[in-house]
Amino acid sequence: MPISDNDSFFRRWAPVACLTLSAFIFNTSEFIPIGLLTDIADDFQISEATAGLIITVYAWIVTILSLPLMLLVSKLEFKKLLLGVLALFAVSHILSAVAPSFITLMLSRIGVACSHAVFWSIASPLAVRIAPAGKKAAALSMVATGTAIAMIAGMPLGRVVGLYLGWRATFFSIAVVALLITLSLLALFPTVAAPKGSAVAKLPIILQNKLLWGVYAITALLFTAHYTAYSFIEPFLAQTARMPEAEITWTLTLFGIAGILASILFSKYFDRMPKLFYFTATFGVGIFLWLLAASAATIESAMALCALWGMAFTIFGLVFQAAVIRLAPEGTPLAMSIYSGICNVGIGGGALIGGLVTTHAAIAHIGYAGGLFAMAGGLLCMLWLAPKIARL
């Protein structure tokens, strides 16, 4: 029986859709403790600051273990690796849901962090490898869309479940969804051989790639810039922009929606005008951060600014993941594992800097501080990285 066009389309895009769903659930899990800290602290009779350690330790684990874990699993066939990662992710969330103590919860989150470290080392390279011919940018943008939808729907839904059924039900729900995604991967994902050769042998080649280190340096600067402000965006909107709680929720949702729009623009136009995307990704974030305080003059202007900021930062993530894939075609998972670790360094560093600015200056100044890092990244991109990559 001949294969219909619809069947052919499904077979070509179903594996990418599986990765998109995986990205959604991984990022939902990463964001969700932020909205459940008070409930977790009350359950274990600890302070919110102590409960917040599950977020800090999570970032540290991803930073430290991304590269070692990828070296450890680098010879595994990718479908088996994905299934193993999702299984660890699901089991860790079940352990979170039944954790009898905070220490047990912390250990379960370490399991999630290990699965996160491996998943984000292989997700983008895999999306590019399994994409239909000529659709690499579209496949990459689909994975980014999973992240954006997690910001729009995943965290709010998890918060609602936690409010009505308890925080443990949220973690259990994530485990159930992860198991369903695992079954989808089992049925729909193709066998994808691991890159040939020793991963350890490829590591010196990656570490000697000056352009790749340029990408990493700009990534560290931009993630630090973004999270200097984004870590404190909720109190900023409440105190500086004087937004009611409902408008704050809508603004954060709009941030995620703007990310979806950005991923669509990337998939359609990046191959035609890459330099424009490089500069929008870096200087755009810097400009919008510098305008953050001024945008607080009205609720409408603050919402519009956050939407533009969300678009610019999503474009940044897509553009620089594409750069890593292009610069390390033979060792992409290892290169992406370093990229993932550096992203988490920026997340932690940005939150620390934003906290210092908030404590010792004013919360209204977080955009100015973050913008400095983004503009430094933009200058490095414009004067050195983008021209060199364009000539490759």
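To be clear, the structure that these remarks concern was listed above.
Criteria and cut-off values
Residues numbered from 1 in each chain as written. Predicted model: local features only at pLDDT ≥ 70, side-chain atom pairs only at ≥ 80, totals over all residues. Heavy atoms only, no water. Helix = DSSP H or I, 4+ residues; strand = E, 2+ residues; numbered from the N terminus. Polar contact = N/O pair within 3.5 Å; in protein donor to acceptor, adjacent residues only side chain to side chain. Axes fitted to C-alpha atoms, helices over the stretch in contact; angles between N-to-C directions. Parallel < 35°, antiparallel > 145°, perpendicular 65-115°, else oblique. Left-handed = near helix turned anticlockwise from the far one by under 90°. Contact = heavy atoms within 4.5 Å. Nonpolar A, V, L, I, M, F, W, Y, C, P; charged D, E, K, R; others polar. Phe/Tyr/Trp six-rings, centres within 6.5 Å; stacked < 30°, edge-to-face > 60°. Buried < 20%, exposed > 50% of the residue type's maximum accessible area, 1.4 Å probe, protein only. Core = buried A, V, L, I, M, F, W, Y, C linked by side-chain atoms within 4.5 Å.

### Details of the side chain of Ser66
Positionally, Ser66 belongs in helix α3 (residues 53–73). Of the polar contacts made by the side chain of Ser66, one reaches the backbone oxygen of Val62; its length is 2.5 Å.

### As for the packing of helix α11 (residues 245–269) against helix α14 (residues 299–327)
For the pair α11 and α14, the least separation of the axes is 7 Å and the interaxial angle reads 40 degrees. One finds that α11 runs oblique with respect to α14. With respect to the hand of their crossing, α11 and α14 are arranged in right-handed fashion. Contacts between α11 and α14 involve Glu247, Trp250, Thr251, Leu254, Phe255, Ala258, Gly259, Leu261, Ala262, Ser263, Leu265 and Phe266 on the former and, on the latter, Ile299, Met303, Cys306, Ala307, Trp309, Gly310, Met311, Thr314, Ile315, Leu318, Val319 and Ala322. In the contact of α11 with α14, the residues fall into 18 nonpolar, five polar and one charged.

### Things to note about the packing of aromatic side chains
On inspection of all chains with the given rule, the structure shows 22 aromatic pairs. Considering the side-chain rings of Phe26 and Phe119, the 4.3 Å spacing of their centres and the 5 degrees angle between planes classify their relative orientation as stacked. Of this pair, Phe26 sits in helix α1 (residues 5–44) while Phe119 sits in helix α5 (residues 102–130); the two residues are 93 residues apart in sequence, bridging distant segments of the chain. For the residue pair Phe26 and Phe119, the accessibility class agrees, reading buried in each case.

### Quick word on the nonpolar core
Ranked by internal contacts, the top residues of the largest apolar core, which has 128 residues, are Trp309 and Phe320. Sort the elements by how many residues they give to this core and α14 lands first, with 18 residues. Once residues within four sequence positions are removed from consideration, Phe320 is found in contact with Val215, Ile218, Thr219, Tyr278, Ala281, Thr282, Tyr339, Cys381 and Leu385.

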